[in-house]
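# Coordinates in review
Residues per chain, in single letters:
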Amino acid sequence: MVPKISLLSSLLPIIFFILCCSKTHIKGFWVIFFYSIASLLSDGFLAASEWANEHKFFLWNIFTFVEYSLLSYFFYLTIKLRIVRLTIIVISIIFYIVFFSLNRTNHNQYNSLLSFISEVVILALCLIYFISKMKQPVEDSINIFNPEFLIVIALLLYVACTLFLFIIANHLSVKEMDEYWIITNYSNILTNILFSTAFLLYRYQNKKSPTRESHSVDYTSPNDR
């Protein structure tokens, strides 16, 4: 039941983005939108395909790659500090080298090390985001009603809920993995709800109220006489 709810919850941020943010020029929101699509496709494929279930470790490794790429790019766009952006690029290059090196031989084993590295990097970027915001002027500092802030909170909670699981994943049997994976399902539901709330909040804050068209009378004009 919970996996089905988790799968359905993956639709929420996609629907809310289309309804509320489809015309936005904020690239970070688009990244989260594509991340939500990737998450939905991954969960849906695993739920619907027998082949996917037999090769789920391989698919989880691929999703780790996609997840890290999109979320690190989100923070690259969001955090404007040059040193942080340079660090993201360097760490990402190292991550990709390690990823392809470890996945070149065995595709049927879940690589919890890569997931752990990915989660730690995202956790660090969440904390750097908060620190950078606290150092800004009051009007630009942390605002709980900022959609961007809600997205970072969602990612922080997601990492906090799943980090320990990824640490011990390689030491669990398949049965134990399925039992503990419910933690990931619940964290996905919470993350998707917060993503959807962020998109809805963006729409509310940027909703243009209809303005009355003003017409100044010019008595020198024949149309206004």
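To start, this report covers the structure provided alongside it.

Quick notes on the rules
Residues numbered from 1 in each chain as written. Predicted model: local features only at pLDDT ≥ 70, side-chain atom pairs only at ≥ 80, totals over all residues. Heavy atoms only, no water. Helix = DSSP H or I, 4+ residues; strand = E, 2+ residues; numbered from the N terminus. Contact = heavy atoms within 4.5 Å. Areas by Shrake-Rupley, 256 points an atom, 1.4 Å probe, with all protein chains shown as cover. Phe/Tyr/Trp six-rings, centres within 6.5 Å; stacked < 30°, edge-to-face > 60°. Buried < 20%, exposed > 50% of the residue type's maximum accessible area, 1.4 Å probe, protein only. Lys NZ or Arg CZ within 6 Å of the ring centre and 35° of its normal. Core = buried A, V, L, I, M, F, W, Y, C linked by side-chain atoms within 4.5 Å. Salt bridge = Lys/Arg side-chain N within 4 Å of Asp/Glu carboxyl O.

Turning next to the overall build of the protein chain. When its secondary structure is counted, the protein chain shows 10 helices and zero strands. Counted from the first residue to the last, the protein chain has its helices and strands arranged as α-α-α-α-α-α-α-α-α-α. A sequence separation of at least 24 residues applies to 72% of the contacts in the protein chain between residues at least 6 apart. Carbon and sulfur atoms make up 66% of the accessible area of the protein chain, which amounts to about 13700 Å² in all.

Applying the stated criterion to the full structure yields 23 aromatic pairs. Measuring from centroid to centroid gives 5.8 Å for Trp30 and Phe33, while their planes differ by 85°, and the two rings are edge-to-face. Placement of the pair is Trp30 and Phe33 together in helix H3 (residues 27–48), with a separation of three residues, close to one helical turn. Note on Trp30: relative accessible area 28%, which makes it partly exposed. Residue Phe33 is classed as buried on the basis of its relative accessible area, which comes to 10%. The structure contains a cluster of three or more aromatic residues connected by ring pairs, namely Phe17, Phe29, Trp30, Phe33, Phe34, Phe199 and Tyr202. Cation over ring: Arg85 sits above Tyr76, and NZ or CZ is 4.9 Å from the ring centre.

This brings us to the nonpolar core. Taken as a class, soluble globular proteins show a tendency for nonpolar side chains to be buried jointly. In this structure, Phe74, Phe75, Ile151 and Leu155 are the most contacted members of the largest nonpolar core, which totals 44 residues. Among the secondary structure elements, those contributing two or more residues to this core are helix H2 (11–20), H3, helix H5 (56–78), helix H6 (82–102), helix H7 (112–134), helix H8 (147–168) and helix H10 (182–205). In terms of residue count, the dominant contributor to this core is H8 (eight residues). Other than its neighbours up to four places away in sequence, Phe75 contacts Ile88, Ile122, Leu125, Cys126, Tyr129, Val152 and Leu155. Core analysis: the second largest hydrophobic core is formed by eight residues, Ala52, Tyr110, Leu165 and Phe166 among them.

On to the pattern of salt bridges. Taken as a whole and assessed by the stated rule, the structure comprises one salt bridge. When the shortest N-O distance is used, the salt bridge between Lys133 and Glu148 registers 3.8 Å. With Lys133 in helix H7 and Glu148 in helix H8, the pair connects residues that are 15 residues apart, well separated along the chain. Relative accessible area serves as the criterion here: at 19%, Glu148 is assigned to the buried category.

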